[in-house]
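Coordinate analysis (summary)
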Amino acid sequence: KEGEEIKLEQATGFPESEMTTLTVRAKKPVAFNLKFRVPMWSRGATVEVNSEKLDSSYTPGKWGVIQRTWKPGDRVAIRIPIPLTQVAIDQQHPHRVALMYGPVVLVGERDALPAATQADPATWMTRIEGPLEFRGRGQAKGRFYPFYRAEYGTFYRMYFDLKV
């Protein structure tokens with residue numbers, strides 16, 4: 001109803017994590033539609049309300065909608081799967097790609113030379129423990145990490161040539 005105060009508390013580690021949790025903060029139960037954006041690059045988003053999985057499918061590039069009467073303290077866990085992909089830099093260079101983790105561009109250290117092929121990058125890259133980092137399969141050193149964590153003055157590679 002108009003004039004009722006509703007707060008949503010969000011806890012997330014996005015883009016380091018696929019999970020976002022929302023907690024409803026209201027003084028009493030209130031009916032409203034909770035909307036969340038499903039990014040175009042994601043497939044298979046899932047939602048749980050108070051640990052119960054909702055039986056719904058969510059369309060990439062559209063709004064997901066949860067219609068219900070919310071009680072104070074209700075918790076919504078939204079999982080937006082984040083794929084590892086490669087994106088050509090332009091039409092003139094279709095085999096020169098940037099590695100992406102969802103919306104995040106990954107850069108590689110000097111020693112990070114992936115055995116990049118046209119196959120799904122998840123077949124030749126692996127996520128390593130800790131913060132959002134990857135390594136080429138079979139490589140002992142050289143990591144890939146988000147461009148937003150590249151420090152001033154460090155050498156990194158943003159584009160890689162696919163082996164065709």
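For the structure, see preceding data.
Read on for a plain summary of the structure. Everything numeric here is computed off the predicted structure, so don't read it as measured data.

Of the consecutive residues Phe-14 and Pro-15, the connecting peptide bond is found in the cis state with omega at 5°. Inspection of the secondary structure puts Pro-15 in the loop between strand 1 (6–12) and strand 2 (19–26). The residue Asn-50 is not glycine, and still its phi comes out positive at about 50°. Summarising the element assignment, Asn-50 is placed in the loop between strand 4 (46–49) and strand 5 (52–53). On the accessibility criterion, Asn-50 (36% relative accessible area) is partly exposed. Positive phi, normally seen in glycine, also occurs at Ser-51, with a value near 70°.

The subject of this paragraph is the nonpolar core. Buried together is how nonpolar side chains tend to be arranged in soluble globular proteins. Val-47, Ile-66, Trp-70 and Val-76 are the most contacted members of the largest nonpolar core, which has 17 residues in total. Those elements giving two or more residues to this core turn out to be strand 2, strand 3 (30–37), strand 4, strand 6 (63–70) and strand 7 (75–79). The element contributing the most residues to this core is strand 3, with four residues. When neighbours within four sequence positions are excluded, Ile-66 is seen to be in contact with Phe-32, Asn-33, Leu-34, Phe-36, Val-47, Leu-54, Tyr-58 and Val-76. In terms of nonpolar packing, the next biggest core, distinct from the first, is built from twelve residues, Leu-99, Leu-106, Phe-134 and Phe-160 among them.

Right, let's talk about the sheet that holds strand 2 for a bit. A sheet is described by the order of its strands in space; here five strands give the open sequence 1-2-7-4-5, paired in antiparallel fashion. Each having just a single partner strand, strand 1 and strand 5 make up the two edges of the open sheet. The sheet contact formed by strand 1 and strand 2 spans seven bridges and is antiparallel. Across the sheet, Thr-12 pairs through a bridge with Thr-20, a residue of strand 2.

A word on the side chain of Thr-23. Along the polypeptide, Thr-23 turns up in strand 2. Within the local environment of Thr-23, its side chain forms a polar contact with the side chain of Arg-75, the two groups lying 3.5 Å apart. Those residues in contact with Thr-23 that lie beyond four places of it in its chain are Lys-7, Leu-8, Glu-9, Gly-73, Asp-74 and Arg-75.

Rules and cut-offs
- Sequence positions are assigned chain by chain, starting from 1 and proceeding in written order.
- With the structure being a predicted model, the display of local features is reserved for residues of pLDDT at least 70 and the display and counting of side-chain atom pairs for 80 or more, all residues being used for whole-chain, interface and lining totals.
- Remark: hydrogens and water are excluded; side-chain values derive from all non-hydrogen atoms of the structure.
- By definition, any uninterrupted DSSP run of H or I lasting at least four residues is a helix, any uninterrupted run of E lasting at least two residues is a strand, and each is numbered from the N terminus.
- When accessible area is computed with a 1.4 Å probe and restricted to protein chains, residues below 20% of their type maximum are described as buried, those above 50% as exposed, and intermediate ones as partly exposed.
- We call a set of buried Ala, Val, Leu, Ile, Met, Phe, Trp, Tyr and Cys residues a nonpolar core when their side-chain atoms join them within 4.5 Å.
- Only heavy atoms matter for contacts: two residues are in contact if any of them lie within 4.5 Å across the pair.
- Being paired, for any two strands, means DSSP has found at least two bridges between them.
- Here a polar contact is taken to be a pair of N or O atoms separated by no more than 3.5 Å, where protein atoms must pair a possible hydrogen donor with a possible acceptor and residues adjacent in sequence count only if both atoms sit in side chains.

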